[in-house]
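# Structural overview for review
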There are 2 protein chains.
Amino acid sequence: MKVTKFGGTSVASAEQIRKVATIVADDVERKIVVVSAPGKRHSSDTKVTDLLIRLGETYLEKGYANEELEAVLRRYEEIAKGLELGQEIIDQIANDLHTRLTFNQSNPGAFMDQLKASGEDNNAKLIAAYLQTKGMNAVYVSPKEAGLLVSDEPGNAQVLPEAYDHLKKLRERDEMIVFPGFFGFSPDGALVTFPRGGSDITGAILAAGVKAELYENFTDVDSVFAANPNVVESPAQIRRMTYREMRELSYAGFSVFHDEALIPAFRQKIPVCVKNTNNPSSPGTMILAEREYFLNPVIGIAADKGFATIYVRKYLMNREIGFGRRLLQIIEDEGLSYEHIPSGIDDASVILRQEQLTDEIEHRILARIKEELCVDDVFVEKDFAMVMIVGEGMHNTVGISARATAALARAHVNIEMINQGSSEVSLVLGIHEKDADAAVRELYEEFFGGAEETVQ
Amino acid sequence: MKVTKFGGTSVASAEQIRKVATIVADDVERKIVVVSAPGKRHSSDTKVTDLLIRLGETYLEKGYANEELEAVLRRYEEIAKGLELGQEIIDQIANDLHTRLTFNQSNPGAFMDQLKASGEDNNAKLIAAYLQTKGMNAVYVSPKEAGLLVSDEPGNAQVLPEAYDHLKKLRERDEMIVFPGFFGFSPDGALVTFPRGGSDITGAILAAGVKAELYENFTDVDSVFAANPNVVESPAQIRRMTYREMRELSYAGFSVFHDEALIPAFRQKIPVCVKNTNNPSSPGTMILAEREYFLNPVIGIAADKGFATIYVRKYLMNREIGFGRRLLQIIEDEGLSYEHIPSGIDDASVILRQEQLTDEIEHRILARIKEELCVDDVFVEKDFAMVMIVGEGMHNTVGISARATAALARAHVNIEMINQGSSEVSLVLGIHEKDADAAVRELYEEFFGGAEETVQ
């Protein structure tokens, strides 16, 4: 049994949904199909999820949002017409949205969550209806019916352990199941959405629940690439990579998967295959628990921008037991998460995502550090990028860091930070944002310069 | 005015103290002389401080220690005879030690402190007496008389701010002052010793107090070397280096100065000169606030052994606000200090000095981390060395880390950790202890291979 998930661009139009039908019909093992909300049809298009956010926000603000509602409905109508479905499914979706808009607004987060989730939910119903017209024994199953229980954190749901026991029963059903991604229900029955990459999360949870042999993730690229194609020209396709490599790369801005989305599948050691809806015969990228890495110790180069550093200096800092803990306490009190804490004898830096640092928070943190920790100096520097070199072979191959740092020297890129030592599969280099593209290109050249079109 | 400090080997024998007399007579600016206790006369000798520790411990245990007392007195007798001083100074020292042994034993730390401090104290009296016989207007001044006030932490005293106001008055005295290193007095009048490098600390505090033009530190080497001479053959002598460079190097096991000893002088921007009592015409090493570094971005290579890593892995760690702080809290609760905390997405390592980790503490820490932080994995790895590449030019010179990591690759040394990013003057590489010497040699070759005998 395979769990097969289709991303937003794969279900963005009637034409795309026809491809989906062909793909699921092509393999009897594709018994559970997870779908996203209709995504962009072209680069300047707007995703249905964004239309729904606009609808919800306008409605909360003004008490009406006819135009915005119309924009959502138009997308479904176009799709339904293109698939030659009757008026019934359109009416059903329109009724559903009207009902959702009457939801209690006292908790705006929960209001928005059930509206946003309608994108996936209605698309799943629509696609199930279409597959039925093609003679398939397909049926829409809601997360509530399936028992996909999650924690009650709007926009940030975590799957609850008992969900897997419920989902296991889906294995016994005869029909092909069409399941909406992106959301689950709290034990109290409230709809709650997952964080970024929500539909990928749903697919991974289902794959883990039914103990699928494979979790297929259909998107709009032939494979995961060894570097960002917008930065490096025609980067190598990755044939096989490990969960850990995927996780590190997705964390550092690889867009195929969002950070953390695949973890439920990883935990059950279910292989994941990334494939292209527009080119299903391409083998795609397999993501596995292990791979042989002697030929390719490095599998990918990623970079993410928007990091800031809080630099703190105090004489005798390293003699002061508890200094680091108290510094992190101040960061924590402001609800911030950090990425790295490189430290010297008399100084330490906290590297975090810059978007978290509003002027107000920054001001407050600096004042507290100065006052409570009696430091000699504290300041914030911004606009750093973290470049990540990822590969299972990193840890056991002498000279990876030498090659990486030499490449940056050749590109005249100054290294502000190096973090190696905890993760066995990545080396992180902190540089100025302006140097990020040049750094990725030179690192790609160093590690993949003579490579074939594919790496594994 | 110069403050001139002589280390243990410089005052270990009559012969050495004659050299001291010649040196202080040679320059009228040498108005304040700080002395250590008599050190080793040859490599298998025992320092007077160690004889005193043996004396105190035996006395605490048995209630008598005649042999141990005799061993201490014999050293002073030999010196006094060699300097043709009379019996009076010997009697004075013997009386002093007898008096100290009658000190209240209810606080063994304080008992040991006043006994240990006698090494410097009596040597200062002896040397003052000798300088007087040579016709110099020299006078012993005690830290109590001079107002060298410190915090009441036996073996770990910190100078109190008001001490500097008191010490400033020494500038007005006409005599040459001979001052014992290693200890001060608490506001309550208790004698308290400094941590490691105690006499260097005293000299630095005095230099800061009297705002000396120069703090001279006489030892038994011609200069600070760019690497450990026991590891690298004939390493280059350093002519000029900055405080920060000295501090980083001494931290990583450079033996000329102990970590933190020079800070009082640094804070007042007083230049420090390291010179050789046995070769006073050699220029030595000047330690300054700033240096030009374009010729020598790197000034030295140091390595220190005996580090352990507590490795912690937990899925979604980086999403868990407060994880790092709670990890450090457990470390802190056991009174441990750590050196570095490299972190990945799902893992973090705490690197600390291994000697702190008794079996019991290690067991307790691992149990708490497992239980309280619900981690997926936690274990300790031992026997790491930290190799430090130090230089003011590190931060602004592209390619230092490239050269360093390439050197280690040539030496087939696997890099377990790299820490760069906070300190602007050092790059720290974590490797296995067994590789430390090879690493230092190859790094020395890389950065000083073609160098002159001296660097600045």
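What counts and how
- Residues numbered from 1 in each chain as written.
- Chains lettered and ligands numbered in written order.
- Predicted model: local features only at pLDDT ≥ 70, side-chain atom pairs only at ≥ 80, totals over all residues.
- Heavy atoms only, no water.
- 1 Å grid on protein atoms, 1.4 Å probe; cavity = no way out; pocket = protein on both sides within 12 Å on 5 of 7 lines; lining within 4 Å.
- Points joined across faces, edges and corners; volume = space filled by probe spheres on them.
- Helix = DSSP H or I, 4+ residues; strand = E, 2+ residues; numbered from the N terminus.
- Nonpolar A, V, L, I, M, F, W, Y, C, P; charged D, E, K, R; others polar.
- Buried < 20%, exposed > 50% of the residue type's maximum accessible area, 1.4 Å probe, protein only.
- Axes fitted to C-alpha atoms, helices over the stretch in contact; angles between N-to-C directions.
- Parallel < 35°, antiparallel > 145°, perpendicular 65-115°, else oblique.
- Left-handed = near helix turned anticlockwise from the far one by under 90°.
- Contact = heavy atoms within 4.5 Å.
- Buried area = accessible area lost by both parts, 1.4 Å probe.
- Salt bridge = Lys/Arg side-chain N within 4 Å of Asp/Glu carboxyl O.
- Polar contact = N/O pair within 3.5 Å; in protein donor to acceptor, adjacent residues only side chain to side chain.
- Pairing = 2+ DSSP bridges.
- Right-handed = clockwise from strand over helix to strand, strands pointing away.
- Least-squares fit on C-alpha atoms with pLDDT ≥ 70 in both.
- Expected span 1.5 Å × (residues − 1).
- Arc of directions from axis to C-beta.
- Domains from an automatic or database assignment.
- Phe/Tyr/Trp six-rings, centres within 6.5 Å; stacked < 30°, edge-to-face > 60°.
- UniProt positions renumbered as here; feature names shortened; annotations may be inferred.

This part takes up empty space enclosed by the protein. In the structure shown here, the tally under the stated rule is 9 cavities of 30 Å³ or more. Computed from the structure, the largest cavity encloses a volume of approximately 420 Å³. Together, 40 residues line the largest cavity, and Tyr-338 and Glu-339 of chain A together with Asn-318, Ser-343 and Gly-344 of chain B are the ones closest to its centre. Here the lining of the largest cavity takes 5 residues from helix H12 (residues 323–333) of chain B, the largest share from any one element. In terms of residue class, the lining of the largest cavity is made up of 19 nonpolar, 13 polar and 8 charged. The calculated volume of the second largest cavity comes to roughly 270 Å³. Counting residues per element, the ones that place at least two in the lining of the second largest cavity are helix H12 (323–333) and strand S15 (347–353) of chain A together with H12 and strand S14 (338–340) of chain B. The element that contributes the greatest number of residues to the lining of the second largest cavity is H12 of chain A, accounting for 5 residues. When grouped by side-chain class, the residues that make up the lining of the second largest cavity number 13 nonpolar, 6 polar and 5 charged.

All names here are of chain B. A positive phi angle, near 50°, is found at Cys-374, a position not held by glycine. Along the polypeptide, Cys-374 turns up in the loop between helix H13 (359–373) and strand S16 (377–390). The residue Asp-383 is not glycine, and still its phi comes out positive at about 65°. Residue classification places Asp-383 among the partly exposed positions, given a relative accessible area of 38%.

Any two packed helices are characterised by how steeply their axes cross, that is the angle between the axes, and by the distance between the axes. Residues and elements named next belong to chain B. Remark: helix H2 (residues 48–62) packs on helix H3 (residues 66–82), axes separated minimally by 8 Å, with the N-to-C direction vectors making an angle of 155°. Relative to H3, H2 is oriented roughly antiparallel. Seen along the crossing, H2 lies across H3 with a hand that is left-handed. Between H2 and H3, the residues in contact are Val-48, Leu-51, Leu-52, Arg-54, Leu-55 and Thr-58 and Glu-68, Leu-69, Ala-71, Val-72, Arg-75 and Tyr-76, respectively. Its residues assigned to classes, the contact of H2 with H3 shows 8 nonpolar, 1 polar and 3 charged.

At the junction of the two partners, chain A supplies 64 residues and chain B supplies 62 residues. In terms of surface lost to chain B, no three residues of chain A exceed Arg-319, Arg-325 and Ile-345 of chain A, which account for 12% of the buried area on that side. For the interface between chain A and chain B, the tally reads 4 salt bridges. Inspection of the chain A/chain B interface yields 17 residue pairs in polar contact (both at pLDDT 80 or more). Of all the secondary structure elements, the ones that give two or more residues to the side of chain A that touches chain B are helix H10 (243–251), helix H11 (263–267), H12, strand S14 (338–340), S15, helix H14 (400–410) and strand S17 (417–420) of chain A. In terms of residue count, H14 of chain A provides more of the side of chain A that touches chain B than any other element does, 6 residues in total. Its residues assigned to classes, the side of chain A that touches chain B comprises 26 nonpolar, 25 polar and 13 charged. As paired strands, S17 of chain A and strand S17 (residues 417–420) of chain B are joined by 3 bridges and run antiparallel to one another. Following the sheet pairing, Gln-420 of chain A is matched in S17 of chain B by Ile-418 of chain B.

Residues and elements named next belong to chain B. Burial of strand S1 (residues 2–6) is extensive: 5 of the 5 residues sit out of reach of the surface. Summarising the sheet, S1 and strand S2 (residues 30–35) pair through 5 bridges and their orientation is parallel. Across the sheet, Lys-2 pairs through a bridge with Arg-30, a residue of S2. Note on the crossover from S1 through helix H1 (residues 14–25) to S2: the handedness is right-handed.

All right, on to the packing of helix H1 (residues 14–25) of chain A against helix H6 (residues 118–133) of chain A then. Residue and element names in this part refer to chain A. Running from amino to carboxyl end, H1 crosses H6 at an angle of 60°, the nearest separation of the two axes being 11 Å. Of the possible angle classes, the one that applies to H1 and H6 is oblique. In this structure, the crossing between H1 and H6 has a hand that is right-handed. Contacts between H1 and H6 pair Ile-17, Arg-18, Ala-21 and Val-24 from the former with Asn-123, Leu-126, Ile-127, Tyr-130 and Leu-131 from the latter. A breakdown of the residues in the contact of H1 with H6 according to their chemical character gives 7 nonpolar, 1 polar and 1 charged.

Here we take up the relation of the copies chain A and chain B. Between chain A and chain B, which share one sequence, the superposing operator has a rotation angle of 179° and an axial displacement of 0.0 Å; the RMSD is 0.2 Å. Such a combination of turn and shift is consistent with a two-fold rotation axis. A shared binding surface is used by both copies, with 97% of the interface residues of chain A retained as interface residues in chain B.

Right, let's talk about helix H4 (residues 87–101) of chain B for a bit. Residues and elements named next belong to chain B. Taking 1.5 Å of rise per residue, the 15 residues of H4 would be expected to cover 21 Å, and the 21 Å separating its terminal C-alpha atoms lies within 8% of that figure. Within the span of H4, buried status applies to Ile-89, Ile-90, Ile-93, Ala-94, Asp-96, Leu-97, Arg-100 and Leu-101. Around the axis of H4, the buried residues are gathered within 160° of arc, so they sit on the same side. Those residues of H4 that are exposed and angled more than 90 degrees off the buried face are Glu-88, Asn-95 and Thr-99. Buried residues in H4 make contact with H2, H3, helix H5 (108–116), helix H6 (118–133) and strand S6 (191–193).

Before going further, it helps to spend a moment on the domain arrangement of chain A. Bring the parts together and some accessible area is lost; that lost area is often taken as the interface size. Segmentation of chain A into domains returns domain 1 (2–220) and domain 2 (300–455). Put simply, the middle of domain 1 of chain A and the middle of domain 2 of chain A, counted by C-alpha atoms, are 38 Å apart.

So, about the packing of aromatic side chains. Residue and element names in this part refer to chain A. Tallied over the full model, the rule gives 12 aromatic pairs over all chains. For the pair Phe-183 and Phe-185, a centre-to-centre distance of 6.0 Å together with 75° between the ring planes defines the contact as edge-to-face. Like Phe-185, Phe-183 is buried. Between Tyr-444 and Phe-448, the ring centres sit 5.0 Å apart and the planes meet at 20°, which makes this aromatic pair stacked. Here Tyr-444 pairs with Phe-448, and both are found in helix H15 (residues 436–448), just 4 residues apart, close to one helical turn. For Tyr-444, a relative accessible area of 10% translates into the label buried.

With that settled, consider H12 of chain A. Among the 11 residues of H12 of chain A, 8 are classified as buried, and the element is accordingly described as predominantly covered. Positive phi shows up at Gly-335 of chain A, right after H12 of chain A, with a value of about 75°.

Let's shift gears to the UniProt feature "binding site: substrate" (unreviewed entry) in chain A. All names here are of chain A. The positions UniProt marks with the feature "binding site: substrate" (unreviewed entry) are Thr-49 and Glu-120. The named residues occupy 72 residues along the chain; their greatest pairwise C-alpha distance, 8.4 Å, places them in one compact cluster. Relative to the helices and strands, Thr-49 resides in helix H2 (residues 48–62). A relative accessible area of 14% places Thr-49 in the buried class. Among residues more than four places away in sequence, those in contact with Thr-49 are Ala-37 and Glu-120.

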